[in-house]
Amino acid sequence: MKFAYRFSGLLGTVYRRGNLSFTRDGSALVSPVGNRISVFDLKNNKCETFPLATRLNIVCVGLSPDGSLAILIDEEGAALLVSLIGKCVIHHFYFHKPVHSVSFSPDGKKFVITKDNVALMYHAPGRKREFNAFVLDKTYYGPYDETTCIDWTDDSKCFAVGSKDMSTWVFGAERWANLIYYSLGGHKDIIVACFFEENSLDLYTISQDAALCVWQCDTELDGLKPMPPKDAAREKNAEKNDEEFLEEPKGEEIRGKANPNEQETRDKVKYSRVAKYFFNKEGDFNNLTSAAYHKKTHLLVTGFASGIFHLHELPDFNLIHSLSISDQRIASISINCTGDWIAFGCSGLGQLLVWEWQSESYVLKQQGHFNSMVSLAYSPDGQYIVTGGEDGKVKVWNTSSSFCFVTFTEHTSGITAVTFTSNGYVILSASLDGTVRAFDLHRYRNFRTFTSPRPSQFSCLAVDSSGEIVSAGSQDSFEIFIWSMQSGRLLDVLSGHEGPISSLSFNPMKCVLASASWDKTVKLWDMLDSWRTKETLILNSDVLVVAFRPDGKELAVAALNGQITFWDHENAVQTGSIEGRHDLQMGRKELDKITAKQAAKGKSFTTLCYSADGQSVLAGGLSKFVCIYNVKEQILMKKFEISCNFSLDAMEEYLDRRKMTEFGSMALIDEGAGGEDGVAIPLPGVKRGDMSYRHFKPEIRVTCLRFSPTGRSWAATTTEGLLIYSLDSGLIFDPFELDIDVTPSNIHKTLHQKEYTMAIIMAFKLNEKKLIQEVIEAVPSNEIDVVCSSLPDLYVEKVLEFLASAFEISCHLEFYLIWAHKLLMLHGQKLKTRSVKLLPVIQFLQKSIQRHFEDVSKLCEWNIYNIKYALAVSQQRGMKRLAEETLVDEDDLDSDSDYLMQEVHKDNLSS
């Protein structure tokens, strides 16, 4: 149960590709992030990534009108039916071909998908249990090229489909006597979007060359006539005869003609083009890439390849607003149900923006790292995570909301390492631009820049436990530089290594710095002894990473040969080793000439960290697996597969035989490469792949791992983004010293007899969270002191851990604060003796209380301001003041308001 970590969040990636969708109430946005989906709650300022994943990147998302179901379809046409309420997969389905778009009908009874040049209509999954959730109803043929977009009429009677052959087709969801199909032309480029007018068959079509056609229909929706029963019965019989020869029913087929004869069009619905408008000015060639239309407000939003978007009012085509939000193409646009918020997704930079067009302000503006993340660090209280990327940006993320709240862009080259100081308000980052920068989290500024006498590329960074000494290792001059945080001056340059410095780590308890290098040594430098080399630990292979245990008594070292060795650094004795090469389980890349097993011989762990209690170590590298080892037993405890996304390279263990031909792998064919002879095999050691390919697959790898100081979660920077795994205690039955007498009914009986201490002990033995909460909240506030003093030492720690988790969700703030205060006051001395073991629990408690403190203090400051303002208004009413008296009056006002605040404070204390 200790290692029951589950995927709980994806930070750093807000949008990859596919369509954005607002939920039914318009307050949340569903965004596809690779092979997962994230839901951004815009009212409560929170983001949640669902713990489910498709096999490849998601291309399109369809939400049901009631907001309970979603259909996710990946690049190859594999679909998942997902419950947005239960956050689980209900059904798997395979469409066999790539799907371009999916849309539910407004009444929720049908949904249409477009693939190749066909539109398929399925019965929507109901609320009952079904053996097959996707039942094909009708197949619509008509377009000659791939279909691109879908839109429904408000009453679900008809839908329109746009195509790459520059035509738009209107189909009846039922076989109407006067509308089975209708083809519309009039464009000179691919149809990007088509929209019906509200409660009408009138249609707008928009093409890639930024042209808008307005089509008027001669019939209203009410004028659609049902097909006579005789004709319908004749067609059904013909279909049954066809199905006798088939193994399974295919559903009804409707084949449209682009040029029907006169007899077929007689007494049928007719469309006429009323107007044609152009978005681009003369001589401007800007491709239109996406569009959205809000029917109630007649608002059309169009996005372009240059990152510009336009707001128009239809049908008069009046320009309301035009703005550039990015320098990359806008891939997706969505409008919420009220028409106030517009969401934009830019796949090039991974941007997600929500714009309130009436107030011209951002509701949400998020962007991940442009290139992959390289390093991460937790703040001392576990509330924030800082990440550094190859794009030279340093971003700080809030773990509770999953949003980035500040980005520092001062570095001019890739970040190699980031860390927090012990007070949690200063961030340090090292970069290949030859600087180490310190950022202040109070004022959000770069207040110190540390440089070396000669320009050096810094590859690693460490700061001591006091936050006063900053050290960075160079990868070109093989030296370690030491600076003072207070003055910003260079204190010392440590030389002695004969290879690039790969990792630095300060001992948390002593003034000792460990440095690892490619020269197969780890050196220990004593700060108090003029930075002399205290010890040199010699290993068999190049050292990649070094880490101290939280209590500072042990050192873990990962080397290039795949071994993790543990050292007693005081006596320079090796205490153990783990052979981890085979646990990494490397995948085989598409262009690899050798098998994954042979390739794994040269692979090793590139990142390493201790758990908060120091009993286990977390290791990862160029693989999709992260391993947790027990340090004492030196065995693998658990392996986490961090990704199942086959859109990334090096995911498969064996070559896919379907991609093999007699001439070699299909991956060697670079599509659209012109007359060149295929793909050049990349150089060995190149991790990113060749960026010059037209089709580039990023390779899966874990660049950095860190355990949260609270011990309840760990984070990994990977190719997909920043993944967070945390303990999911809600679903696990994990009893503790359970007896036969400990049952929920006995606990309630003990509680009824007012034996509170006994009831708490029994509840913790059963270890069910709801029961523990019920028992603790049943204790009267005047009895807390007595109960706390009579609790055994073993259960004090468990109650503290429960209080820390209860603070995050409970509204009984004062009640739980009394509990925490009494426990720490009565058992503080005994807890101090076990401080190392209890540190994660105390930090978890501190994080929870700190968050509430910040929220309440902001509220109090706002109230103080309002009271001062109310006082000022009441004193000024009916008074005409002279200019010279103003200053005197303001001083009096401050003293009066301070007196009032003191009185309010006294009243609160007395109550």
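Here the structure is a predicted model, which is why all the values come from computation and not from measurement.

Rules of the game
- Residues numbered from 1 in each chain as written.
- Predicted model: local features only at pLDDT ≥ 70, side-chain atom pairs only at ≥ 80, totals over all residues.
- Heavy atoms only, no water.
- Helix = DSSP H or I, 4+ residues; strand = E, 2+ residues; numbered from the N terminus.
- Buried < 20%, exposed > 50% of the residue type's maximum accessible area, 1.4 Å probe, protein only.
- Contact = heavy atoms within 4.5 Å.
- Areas by Shrake-Rupley, 256 points an atom, 1.4 Å probe, with all protein chains shown as cover.
- Patch = residues over 30% accessible without salt bridge, like charges linked within 9 Å, V, L, I, M, F, W, Y side chains within 5 Å.
- Salt bridge = Lys/Arg side-chain N within 4 Å of Asp/Glu carboxyl O.
- Pairing = 2+ DSSP bridges.
- Axes fitted to C-alpha atoms, helices over the stretch in contact; angles between N-to-C directions.
- Phe/Tyr/Trp six-rings, centres within 6.5 Å; stacked < 30°, edge-to-face > 60°.
- Parallel < 35°, antiparallel > 145°, perpendicular 65-115°, else oblique.
- Left-handed = near helix turned anticlockwise from the far one by under 90°.
- Core = buried A, V, L, I, M, F, W, Y, C linked by side-chain atoms within 4.5 Å.
- Expected span 1.5 Å × (residues − 1).
- pLDDT = per-residue confidence, 0-100.
- Polar contact = N/O pair within 3.5 Å; in protein donor to acceptor, adjacent residues only side chain to side chain.
- Nonpolar A, V, L, I, M, F, W, Y, C, P; charged D, E, K, R; others polar.

## Thoughts on the overall build of the protein chain
No. 1: On a plain count of helices and strands, the protein chain comes out with eleven helices and 59 strands.
No. 2: Per-residue burial over the protein chain gives 51% buried out of 911 residues.
No. 3: Contacts spanning at least 24 positions in sequence make up 49% of the contacts within the protein chain whose residues lie at least 6 apart.
No. 4: Split by element, the accessible area of the protein chain, about 44000 Å² in all, is 51% carbon and sulfur.

## Details of a nonpolar patch on the surface
No. 1: On the surface, a nonpolar cluster with roughly 410 Å² of combined accessible area is contributed by W862, Y865 and Y869.
No. 2: With respect to the element layout, W862 can be found in helix α10 (residues 835-876).

## As for helix α5 (residues 756-766)
No. 1: Counting buried positions along α5 yields ten of eleven residues, so the element is predominantly enclosed.
No. 2: Residues of α5 that are buried include every one of Y756, T757, A759, I760, I761, M762, A763, F764, K765 and L766, and no others.
No. 3: Those residues of α5 that are buried lie in contact with α4 (744-752), α6 (769-778), α7 (784-790), α8 (793-809) and α9 (813-833).
No. 4: A positive backbone phi angle near 60° is found at N767, which sits one or two residues after α5.

## A few points about the pattern of salt bridges
No. 1: Summed over all chains, the structure comprises 19 salt bridges.
No. 2: The network of salt bridges with shared partners includes K110, D137, K138 and E174.

## Focus: the sheet that holds strand β14 (residues 147-152)
No. 1: Pairing is antiparallel across the open sheet formed by four strands, whose spatial order is β14-β15-β16-β17. Two strands bound the open sheet, and with one partner strand each, they are β14 and β17 (181-184). For this sheet the average axis-to-axis angle between neighbouring strands, irrespective of direction, equals 20°.
No. 2: Sheet topology note: the β14/strand β15 (residues 158-163) ladder contains five bridges and is antiparallel. Residue pairing across strands places C149 opposite G162, the latter belonging to β15.

## Some points on the packing of aromatic side chains
No. 1: Counting across every chain of the model gives 43 aromatic pairs.
No. 2: Where F40 meets F403, the ring centres are 5.9 Å apart and the plane angle is 20°; that geometry is what we call stacked. In this pair, F40 sits in strand β4 (residues 36-41) while F403 sits in the loop between β33 (394-398) and β34 (404-408), placing the two residues 363 residues apart along the sequence. A single burial state applies to F40 and to F403, both of which are buried.
No. 3: A centroid spacing of 6.3 Å and a plane angle of 25° characterise the contact between F95 and F134, whose relative ring orientation is stacked.

## So, the packing of α4 against α5
No. 1: Interaxial distance between α4 and α5 falls to 8 Å at its minimum, and their mutual angle equals 165°. Between α4 and α5, the crossing angle belongs to the class labelled roughly antiparallel. When you trace α4 past α5, the crossing you get is left-handed. Between α4 and α5, the residues in contact are P744, N746, I747, T750 and L751 and Y756, M758, A759, M762, A763 and L766, respectively.

## Things to note about the environment of E768
No. 1: Mapped onto the fold, E768 is located in the loop between α5 and α6.
No. 2: Its relative accessible area of 40% is what places E768 among the partly exposed residues.
No. 3: Taking the C-alpha atoms as reference points, E768 and P744, separated by 24 residues in sequence, lie 9.5 Å from one another.

## Thoughts on the nonpolar core
No. 1: Ranked by internal contacts, the top residues of the largest apolar core, which has 39 residues, are I760, I776, V799, W819 and L823.
No. 2: When contributions to this core are tallied by element, the ones reaching two or more residues are α4, α5, α6, α7, α8, α9 and α10.
No. 3: Leave out the neighbours within four places in its chain, and W819 touches I760, I776, V779, I784, V787, C788, V799 and L803.
No. 4: Core analysis: the second largest hydrophobic core is formed by 20 residues, L618, L648, I700 and Y725 among them.

## Description of the pairing of β34
No. 1: When β33 meets β34, the two strands line up antiparallel, connected through four bridges. Bridge assignment links W397 to a residue of β34, and that residue is C404.
No. 2: Between β33 and β34, which pair antiparallel in sequence order, lie five residues; one of them, S402, sits at a positive phi of approximately 70°.

## A look at α8
No. 1: For α8, spanning 17 residues, the distance from its first C-alpha to its last is 26 Å, which sits close to the expected 24 Å at 1.5 Å a residue.
No. 2: Within α8 the residues assigned to the buried category are Y795, V796, E797, V799, L800, F802, L803, A804, S805, A806 and F807.

## A word on the confidence of the model for the protein chain
No. 1: Taken over all residues, the pLDDT of the protein chain has a mean of 83, while the share at 70 or more is 84%.
No. 2: Note that residues 903-911 has pLDDT below 50 and, in this model, zero contacts with residues that lie over four places away or in other chains.

## Describing the side chain of S431
No. 1: Within the secondary structure, S431 sits in strand β36 (residues 426-431).
No. 2: You can call S431 buried: its relative accessible area is 0%.
No. 3: In this structure the side chain of S431 is engaged in a polar contact, spanning 3.0 Å, whose partner is the backbone oxygen of G414.
No. 4: There is a polar contact of 3.1 Å between the side chain of S431 and the backbone nitrogen of D433.

## Some points on the side chain of S31
No. 1: For S31, the position within the fold is in strand β3 (residues 28-33).
No. 2: Judged by relative accessible area, which is 0%, S31 ranks as buried.
No. 3: From its side chain, S31 meets the backbone oxygen of V14 in a polar contact 2.7 Å long.
No. 4: In this structure S31 touches V14, Y15, L20, R36, I37, S38, F40 and L352, once residues within four positions along its chain are discounted.

## Comments concerning unusual backbone geometry
No. 1: For the bond running from L314 to P315, omega is 5°, close enough to zero to count as cis.
No. 2: With respect to the helices and strands, P315 occurs in the loop between β25 (308-313) and β26 (318-324).

## A few points about the packing of α5 against α8
No. 1: Their axes nearest at 11 Å, the elements α5 and α8 cross at an angle of 75°. Considered as vectors, α5 and α8 are oriented roughly perpendicular to each other. Facing I760, I761, F764 and K765 of α5, the residues of α8 in contact are Y795, K798, V799 and F802.
No. 2: Tallied by class, the residues present in the contact of α5 with α8 amount to six nonpolar, no polar and two charged.

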